[in-house]
Amino acid sequence: MSTAPGIVRIVRFPWHEAVFWLVLAAGFWLWPKHLPLASQVLIAGLFTLSYDLILGYSGILSLGHAAYFGIGAYAAGLLAQGGWGEPLSGLLAAGACAGLAGFLTSFLVVRGQDLTRLMVTTAIGLLLFELANRLSSITGGVDGLLGIEMAPLLGAFRFDMYGRTAYGYCLAVTFLLFLGVRRLVHSPFGWSLRGMRDNPRRMLALGYPVSHRLIAVYSLSAAIAGVAGALLTQTTQFVSIDVFSFGRSADVMVMLIVGGAGVLYGGLVGAAVFTLAYHYLSALNPVYWQFWLGAFLIAIVLVGRGGVLGAWARAVSALREKHRRTVTQS
Amino acid sequence: MIASLLGVLFDGLAYGMLLFLIGVGLSVTLGLMNFVNLAHGAFGMLGGYFCVVAMARWNVPFLAALPLAFAGSALSGLLFERVLFRRLYRRSHLDQVLLTIGLTFMAIAAATFAFGPQQQAMQLPEYLSGQLNVLGVDLNIYRVFLLALGAALTVLLTLIVERTRFGAAVRASVDNARVAEALGIRVGLVFQIAFAAGCGLAGLGGALGVEVLGLDPLFPLKFMVYFLLVVAVGGTSTLKGPLYAALLLGVADVAGKYYIPEVGAFIIYAMMVILLILRPQGLVSRS
Amino acid sequence: MTHALRTSDLGKHFGGVRAVTGVSLALPRGARHAIIGPNGAGKTTLINLLTGMLAPSEGEVYLGEDRITRLRPDQRVKRGLARTFQINNLFPDLTVIQCVLLAVCEQRGAGVDAWRPVARCEAEIAAAREVLRLLRLERAENTIVRELAYGDQRLVEIALALACKPSVLLLDEPAAGVPKSESQALFRAIADLPGEVTVLFVEHDMDIVFRFAQRITVLVSGSILTEGPPEQIARDPTVKQVYLGGRA
């Protein structure tokens, strides 16, 4: 159907997207020794995808998204520690807990301007960290929970030492959720989010109950963040209060910006770049990492955003422009 | 009971005064140029380290080190404003947040590298240590000093803002920068001076706060939420708003930690939630 | 007879400033009613009171049978009260049809659909095209809003409001900023507005007012000075004084 040429965004799966996921699926053969790291990348990618929903698409400035990641991580961890080791149900439960937390806190976040949202989300993140710290008898504090043992996935796939099951698990969950988000982003609801980001006053005047819709997307985003957190716990069989740290909230913002906010693959690309860079560079010296990360952020902002994907898009359109010019000249 | 209540109140006010001194610059920055500066705490930290270094390495007495801290932070604020921040006034809040967080990371890393991750110790001069007994209540002399100095500075600030031409220029620029510009007020210059002053005050607050708040490389992050709270709740169009917010915050925090230590730290978060629900536009709205 | 839009004693004060006082309007269905008044008369405040952006200090607003005084702006839109903005308040990076689709989708209840791709929402796309056709904007369907001529952007403003299928349409200075060369299209659009829609203009431009209004309300310093058909208002000496220099 082509009745809507100006409107059509890519709906069917274009080939380059399919290639992207096929390459990831081939990871079992492409990077068999680095599957645990690859799982980390996927988990970070899912977390960043959830963050893209609220920052990139809805314009909600948040520095506390790790709160929901942490809630999901601990929900899964406490369940497993308590004897319920079935991964999928644990994952769902974790997502539900995080989603509920997102819903309860969303009222504070959807009202107010950027500064208020920054403050509220930062405070929520810090509050949860502090809470988790205080309740270290339950959370295990910095040392984390012990005795997390996961039952085999789907009853058949044991979580093995090489991280194969974990990788497949993370990949499947990330892919499925990604597909869901993809549909959302191309739907009327997804479009309305961008409208609310760019001109909330106008959206109100069009009959959109802006606060309500933002509450919905914030809760959804929290749920997805919770799923990512649960994946981390289940695949590493470990969780500590680090999952609530401010650093994690700041990192996810960096990851999204690096990859490109408001763009579907931005979260995944940014998470990949950041996680891999962190893995290989920060081992050298954590102080240097922090310093150069800060410098890099400043550079990104000064040079212009859009991140990796934005630069890619600019490069592609520049090449097209050049091609067009040479074609018309010849 | 009354004695401890007064003591807590007193401590809280002193603490709140510190938060105000450090945070007022952030409020001015946001109100004047709509610039979210999450690195504001770093200027406070800078002042703290200036003071500590001056006292430890160059044997500068405490009271003389304070103006040094002010000057050092003010000058670096001026430098950063000219070189970096002024490019971002028209950019989105997200860009500003990103850049200033990046700056904060760099500041933390630099401070860790230069001074190590530990808390800085400070030797207060004799005449500022110890207790003073007033009406049966033991008051910490340093905190008396803090309150007095803070009050004096607040009065000075208020006088400047309300009685001087510069103050009028600041108020006009906060109200409506374009019209102010059209009226001949050099808004860019106004902002530079106000920004530098805000950073200077933050540095002073940081130096004063070494004894009360502590000083380590994580200072900017640890207190970021406090400053954000002060500004978000106190608003950006008056001086009184952030002052009341800071004092309220200080008292609530100290009182919470004293009377209900298990949940004391959460009192400020609860307060923030309540205040936001009741007054989404801040404590003191513009008339 | 139930009026399409009615206010009773609507008022708003900010501290000591009485921006709007005792405004009572009654617009029958299909009316073309204009509100005029010098700058600072309270016209913008009145619009904000009607649309729900401001809560009144006193008085009530009725849309048909419903008392809408306590409703949020978006709720009022859903009941049938749409508005345009004096300064174009569009989505500069979207195309014309994408803007109108935003309005149409919510109006048809598709705003909560998080599954169907917009490109497959055929009914909504058709409805959006219909609105564009009404305003003769079909050729601009795929033009990005920021690249449109100002006059055409004003038309998109009206398109957005019409897409909400309002029973009452509030036009806030529709001719503001439109150069004379582009005003023909605007006049045609206003003339072509559906007859059953009640239209309330707030206007400075006397051309539009006398061309389209059946009744005029004159607002001065927040209260109604007088009200009546255009010829009567044109002859009224107090109105002339207010506009042409008498210090009130």
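These numbers come from a predicted model, not from an experiment. (Residues numbered from 1 in each chain as written. Chains lettered and ligands numbered in written order. Predicted model: local features only at pLDDT ≥ 70, side-chain atom pairs only at ≥ 80, totals over all residues. Heavy atoms only, no water.)

Draft legend 1. A look at the arrangement of the chains. Here two pairs of chains are in contact, and chains A and C lead that list by number of contacts. Regarding chain B and chain C, which are not in contact, the minimum distance between any of their C-alpha atoms is 8 Å. (Contact = heavy atoms within 4.5 Å.)

Draft legend 2. A look at the pairing of strand S9 (residues 215-220) of chain C. Residues and elements named next belong to chain C. In terms of burial, S9 is a largely internal element, five of the six residues being buried. Relative to S9, strand S3 (residues 32-36) runs parallel, the two sharing four bridges. Each bridged residue has a counterpart across the sheet, and for Ile36 the counterpart in S9 is Val218. Taken together, the five bridges between S9 and strand S10 (residues 223-228) define a ladder with antiparallel strand orientation. Bridge assignment links Ile216 to a residue of S10, and that residue is Gly228. (Buried < 20%, exposed > 50% of the residue type's maximum accessible area, 1.4 Å probe, protein only. Helix = DSSP H or I, 4+ residues; strand = E, 2+ residues; numbered from the N terminus. Pairing = 2+ DSSP bridges.)

Draft legend 3. View of the packing of aromatic side chains. According to the stated counting rule, one finds 34 aromatic pairs over all chains in the structure shown. Ring geometry for B:Phe35 against B:Phe85: centres 5.1 Å apart, planes inclined by 45 degrees, an arrangement best described as tilted. Separated by 50 residues along the polypeptide, B:Phe35 in the loop between helix H1 (2-33) and helix H2 (40-57) and B:Phe85 in the loop between helix H3 (62-83) and helix H4 (93-115) bring together distant segments of the chain. The two residues B:Phe35 and B:Phe85 agree in class, both being buried. Where B:Phe35 meets B:Tyr89, the ring centres are 5.7 Å apart and the plane angle is 75 degrees; that geometry is what we call edge-to-face. Within this pair, whereas B:Phe35 is found in the loop between H1 and H2, its partner B:Tyr89 is found in the loop between H3 and H4, the two being separated by 54 residues in sequence. Each member of the aromatic cluster is reached from another via a ring pair, and the members are B:Phe35, B:Phe43, B:Phe80, B:Phe85, B:Tyr89, B:Phe191 and B:Phe195. Its end group placed over the ring of C:Tyr62, C:Arg6 keeps NZ or CZ at 4.2 Å from the ring centre. (Phe/Tyr/Trp six-rings, centres within 6.5 Å; stacked < 30°, edge-to-face > 60°. Lys NZ or Arg CZ within 6 Å of the ring centre and 35° of its normal.)

Draft legend 4. Local environment of the interface of chain B and chain A. Taken together, the contacts link 42 residues of chain B with 35 residues of chain A. Taken together, both faces of the contact between chain B and chain A bury some 3,500 Å²; the carbon and sulfur share is 83%. Sorting the residues of the side of chain B that touches chain A by element identifies H4, helix H10 (224-234) and helix H12 (267-278) of chain B as the ones contributing at least two each. With 16 residues, H4(B) is the largest single contributor of residues to the side of chain B that touches chain A. Its residues assigned to classes, the side of chain B that touches chain A shows 34 nonpolar, four polar and four charged. (Buried area = accessible area lost by both parts, 1.4 Å probe. Nonpolar A, V, L, I, M, F, W, Y, C, P; charged D, E, K, R; others polar.)

Draft legend 5. Main features of the environment of A:Val109. Residue and element names in this part refer to chain A. Relative to the assigned elements, Val109 resides in helix H5 (residues 87-110). Owing to a relative accessible area of 0%, Val109 belongs among the buried residues under this scheme. For the pair formed by Val109 and Leu206, sequence separation is 97 residues and the distance between their alpha carbons is 22 Å.

Draft legend 6. Summary view of the packing of helix H5 (residues 150-163) of chain C against helix H6 (residues 183-191) of chain C. Residues and elements named next belong to chain C. Two elements in contact, H5 and H6, have axes separated by 9 Å at closest approach and are oriented at 15 degrees. Put simply, H5 runs roughly parallel to H6. The hand of the H5/H6 crossing is right-handed. Mapping the contact onto sequence places Arg154, Leu155 and Ile158 in H5 and Ala185, Leu186 and Ala189 in H6. Looking at side-chain class alone, the contact of H5 with H6 contains five nonpolar, no polar and one charged residues. (Axes fitted to C-alpha atoms, helices over the stretch in contact; angles between N-to-C directions. Parallel < 35°, antiparallel > 145°, perpendicular 65-115°, else oblique. Left-handed = near helix turned anticlockwise from the far one by under 90°.)

Draft legend 7. The sheet that holds strand S7 (residues 168-172) of chain C, seen in detail. Residues and elements named next belong to chain C. As summarised here, the arrangement of the six strands in space is S6-S7-S8-S3-S9-S10, forming an open sheet in which the pairing is mixed. For this open sheet the edge positions go to strand S6 (81-83) and S10, each flanked by a neighbour on one side alone. Within this sheet the neighbouring strands show an average axis-to-axis angle of 20 degrees, counted without direction. Of the strands in this sheet, S3, S6, S7, strand S8 (198-202) and S9 touch helix H1 (residues 43-51), which is tilted by about 140 degrees from S6.

Draft legend 8. Structural context of the pattern of salt bridges. Applying the stated criterion across every chain yields a total of 24 salt bridges over all chains. Among the salt bridges present, the one from C:Glu157 reaches A:Arg202, with a minimum N-O distance of 2.8 Å. With one member in each of two chains, C:Glu157 in helix H5 and A:Arg202 in helix H10 (residues 200-205) form a pair that bridges those chains. The same class applies to C:Glu157 as to A:Arg202, namely buried. Here A:Arg213 and C:Glu106 are joined by a salt bridge, their closest N and O atoms 2.9 Å apart. Taken together, the residues span two chains, with A:Arg213 in helix H11 (residues 210-236) and C:Glu106 in helix H3 (residues 96-107). An identical accessibility class is assigned to A:Arg213 and C:Glu106; each is buried. (Salt bridge = Lys/Arg side-chain N within 4 Å of Asp/Glu carboxyl O.)

Draft legend 9. Inspection of the confidence of the model for chain C at higher detail. Residues and elements named next belong to chain C. In the predicted model, chain C carries a mean pLDDT of 89, and the fraction of residues at 70 or more is 98%. When pLDDT is averaged over each element of chain C, S6 comes out on top at 95 and helix H9 (residues 237-244) at the bottom at 79. Across the interfaces of the predicted complex, the ipTM metric reaches 0.90, alongside a pTM of 0.88. (pLDDT = per-residue confidence, 0-100.)

Draft legend 10. Highlighting the interface of chain A and chain C. On the chain C side, the residues contacting the 30 residues of chain A number 38 residues. Carbon and sulfur atoms supply 63% of the area that chain A and chain C bury against each other, a total of about 3,200 Å² over both sides. Put simply, chain A and chain C have two salt bridges between them. At the boundary of chain A with chain C, the tally comes to 11 residue pairs in polar contact (both at pLDDT 80 or more). Listed by contribution, the elements that provide at least two residues to the side of chain A that touches chain C are helix H8 (164-186), helix H9 (188-198), H10 and H11 of chain A. In the side of chain A that touches chain C, the residues fall into 16 nonpolar, nine polar and five charged. (Polar contact = N/O pair within 3.5 Å; in protein donor to acceptor, adjacent residues only side chain to side chain.)

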